[in-house]
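Residues per chain are reported as follows:
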There are 2 protein chains.
Amino acid sequence: MATRTDAPTRREQILKEAARLFAERGFHGVGVDEIGAAVGISGPGLYRHFAGKDAMLAELLVGISDQLLTGAKRRLAEAGPAPGAVLDSLIEGHIDFALDDRPLITLHDRELDRLRDADRKLVRQLQRQYVELWVAVVREVYPALTEPAARSAVHSVFGLLNSTPHLGRRGSLPGRGATAELLHRMARGAFAAAGG
Amino acid sequence: MATRTDAPTRREQILKEAARLFAERGFHGVGVDEIGAAVGISGPGLYRHFAGKDAMLAELLVGISDQLLTGAKRRLAEAGPAPGAVLDSLIEGHIDFALDDRPLITLHDRELDRLRDADRKLVRQLQRQYVELWVAVVREVYPALTEPAARSAVHSVFGLLNSTPHLGRRGSLPGRGATAELLHRMARGAFAAAGG
DNA sequence: CAGCGAGGTTAGCGGTCGTTAACCTGAGGG
DNA sequence: CCCTCAGGTTAACGACCGCTAACCTCGCTG
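Treat the numbers as computed from the prediction; the structure is a model and nothing was measured.

Participant: Is there a simple way to explain empty space enclosed by the protein in this structure?
Facilitator: Unoccupied space between atoms shows up once a probe the size of one water molecule is rolled over them. According to the stated counting rule, one finds 1 cavity of 30 Å³ or more in the structure shown. Within this model, the largest cavity holds a volume of roughly 110 Å³. Lining the largest cavity are 17 residues; nearest its centre among them are A:Glu111, A:Arg114, B:Gly26, B:Glu111 and B:Arg114. Tallied by class, the residues present in the lining of the largest cavity amount to 3 nonpolar, 6 polar and 8 charged.

Quick look at the structure:
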């Protein structure tokens with residue numbers, strides 16, 4: 001785990017704030033002036049760092065998709081041969097992401113259609129690979145599942161895990177660890193019910 | 001079941017198309033001219049039927065929330081005393097809604113923040129009542145669940161059931177009945193894993 | 001210390017969008 | 001047979017928004 005200790009660059013600040021604002025009010029609902037104000041500069045100063053508003057969204061969505069897929073591939077390689085353990089590792093990774101990067105998880109399935117064709121195709125390809133990776137693992141654990149059923153089940157579990165933004169704005173949920181564990185149990189339970 | 005046989009009114013046509021467009025491209029991403037064109041009139045003609053674009057969204061969101069809550073109350077009253085049967089009925093109702101009104105389910109948890117304060121408060125209150133109704137039923141079936149845990153579980157299952165828009169744009173999913181049954185089993189499995 | 005590039009600033013252009021104004025039309029009723 | 005009014009039309013206004021232009025100001029560096 002390579003933890004970042006150096007200060008975030010301006011680009012990273014902008015991306016983080018843009019993600020938060022896009023998730024809160026939607027891509028078209030946020031003006032460039034607001035994004036600038038959120039990082040202490042104003043309006044057109046953003047164009048020293050990004051080609052345009054679209055470019056920020058594109059970089060966010062490609063980054064998310066790539067990070068999810070890369071993490072899943074790594075977990076697939078690192079985990080032992082037991083399919084159940086691999087599935088647990090995938091679930092754990094997705095939960096970490098959903099809990100730590102709520103705005104990004106929100107954008108991920110909400111603002112995809114605002115991208116240019118090229119970027120959208122790339123993101124969709126990464127997403128598809130991620131899904132297919134899950135589908136293969138799930139079918140190893142539950143061989144009774146047909147491929148379409150497994151794919152539906154995977155999408156549904158993503159919906160379950162990505163519901164974290166709807167869980168209490170701040171607090172009221174019983175701590176990060178307990179929430180992660182609850183989500184994990186529910187995901188396994190949902191898969192088991194689908195494929196048992 | 002009072003099935004509609006008469007033709008839809010102009011207002012209803014507009015609402016239906018507006019819901020579809022809002023779900024596809026987001027509230028701010030759709031112009032009034034597009035909504036008008038979708039029902040064969042153009043642009044400002046909409047203002048003979050609605051006070052403004054906001055009013056359309058408000059009517060849609062209030063309608064959804066009200067319909068969900070009303071349906072749930074009815075099922076609660078009609079079902080027998082067995083808590084498990086009540087929960088099954090709630091799940092069935094939510095799945096019917098998610099499968100038959102995909103655009104509305106999408107709007108329901110995506111465009112809430114674009115409402116005026118008064119409308120947003122109303123919608124949130126209806127949503128909260130709906131959630132609390134589920135929480136009570138779930139805790140009857142699984143008494144081991146604390147209230148916060150039950151609430152988290154309910155939100156997560158909503159995420160699972162509301163994932164239907166992500167299941168194959170058209171086709172590729174194994175028929176409506178099979179999909180409904182799969183979702184139902186997964187929802188029950190998720191609750192069981194949370195509260196067993 | 002001159003020069004320069006990175007990273008800001010403000011002013012303003014061009015296009016889009018929600019909304020209003022003014023006008024038209026055809027069906028129904030006294 | 002006119003009057004009304006529901007339900008359209010097009011033109012246009014005002015606000016906003018993404019983006020560019022032009023300019024400024026440091027901190028380096030040769």
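Participant: I tried to follow the protein's contact with DNA strand C on my own but got confused; where do I start?
Facilitator: Around DNA strand C lies a shell of 15 residues, among which A:Arg10, A:Arg48, A:His49, B:Tyr47 and B:Lys53 are the nearest. Among the atoms of DNA strand C close to the protein, meaning within 4 Å, 52% are from sugar or phosphate groups. Taking B:Val32, its main chain carries an N or O atom lying 2.9 Å from a phosphate oxygen of DNA strand C. B:Tyr47 places a side-chain nitrogen or oxygen 2.4 Å from a phosphate oxygen of DNA strand C. Of the residues in the surface near DNA strand C, the class split is 6 nonpolar, 5 polar and 4 charged.

Participant: Any chance you could explain the interface of chain B and chain A here in plain terms?
Facilitator: Accessible area lost upon the coming together of the parts is a frequently used measure of interface size. Contacts between the two partners involve 32 residues from chain B, matched on the other side by 32 residues from chain A. Each partner contributes to the roughly 2700 Å² buried at the junction of chain B and chain A, and carbon and sulfur atoms together form 59% of this total. On the chain B side of the contact with chain A, B:Arg110, B:Ser156 and B:Met186 bury the most area, a combined 19% of that side's loss. Here chain B is connected to chain A by 10 residue pairs in polar contact (both at pLDDT 80 or more). Looking at the side of chain B that touches chain A, the elements that each hand over two or more residues are helix 1 (10-25), helix 7 (147-161) and helix 8 (176-195) of chain B. Residues of the side of chain B that touches chain A, tallied by class, amount to 12 nonpolar, 11 polar and 9 charged.

What counts and how
The residue numbers shown here count from 1 along each chain, following its written sequence. Written order determines the labels here, with chains lettered from A and ligands numbered from 1. In view of the model being predicted, local features appear only for residues whose pLDDT reaches at least 70, and side-chain atom pairs are presented and counted only at 80 or more, with totals across whole chains, interfaces and linings using the full set of residues. Excluded from the side-chain calculations are hydrogens and water; all other atoms, namely the structure's heavy atoms, are used. Here a cavity denotes grid points, spaced 1 Å and computed from the protein atoms alone, that fit a 1.4 Å probe unable to get out, and a pocket denotes an open set having protein on both sides within 12 Å along at least 5 of 7 lines; residues with an atom within 4 Å of a point are the lining. Grid points are joined across faces, edges and corners, and a volume is the space filled by probe spheres set on the points. Residues are grouped as follows: Ala, Val, Leu, Ile, Met, Phe, Trp, Tyr, Cys and Pro are nonpolar; Asp, Glu, Lys and Arg are charged; every other residue, Gly included, is polar. A cutoff of 4 Å decides nearness: a residue is near a molecule or strand if any of its heavy atoms lies inside that distance of it. In protein, a polar contact requires one atom able to donate a hydrogen and another able to accept it; more generally it is a pair of N or O atoms within 3.5 Å, and residues adjacent in sequence count only if both atoms are side-chain atoms. In what follows, a contact means two residues having at least one pair of non-hydrogen atoms within 4.5 Å. Buried area is calculated as the accessible area (1.4 Å probe) missing from two parts once they are joined, with the contributions of both summed. Per the convention used, a helix needs a DSSP run of H or I reaching at least four residues, while a strand needs a run of E reaching at least two, with both numbered from the N terminus.

So, to be careful, I would describe these as geometric facts and stop short of saying anything about function.
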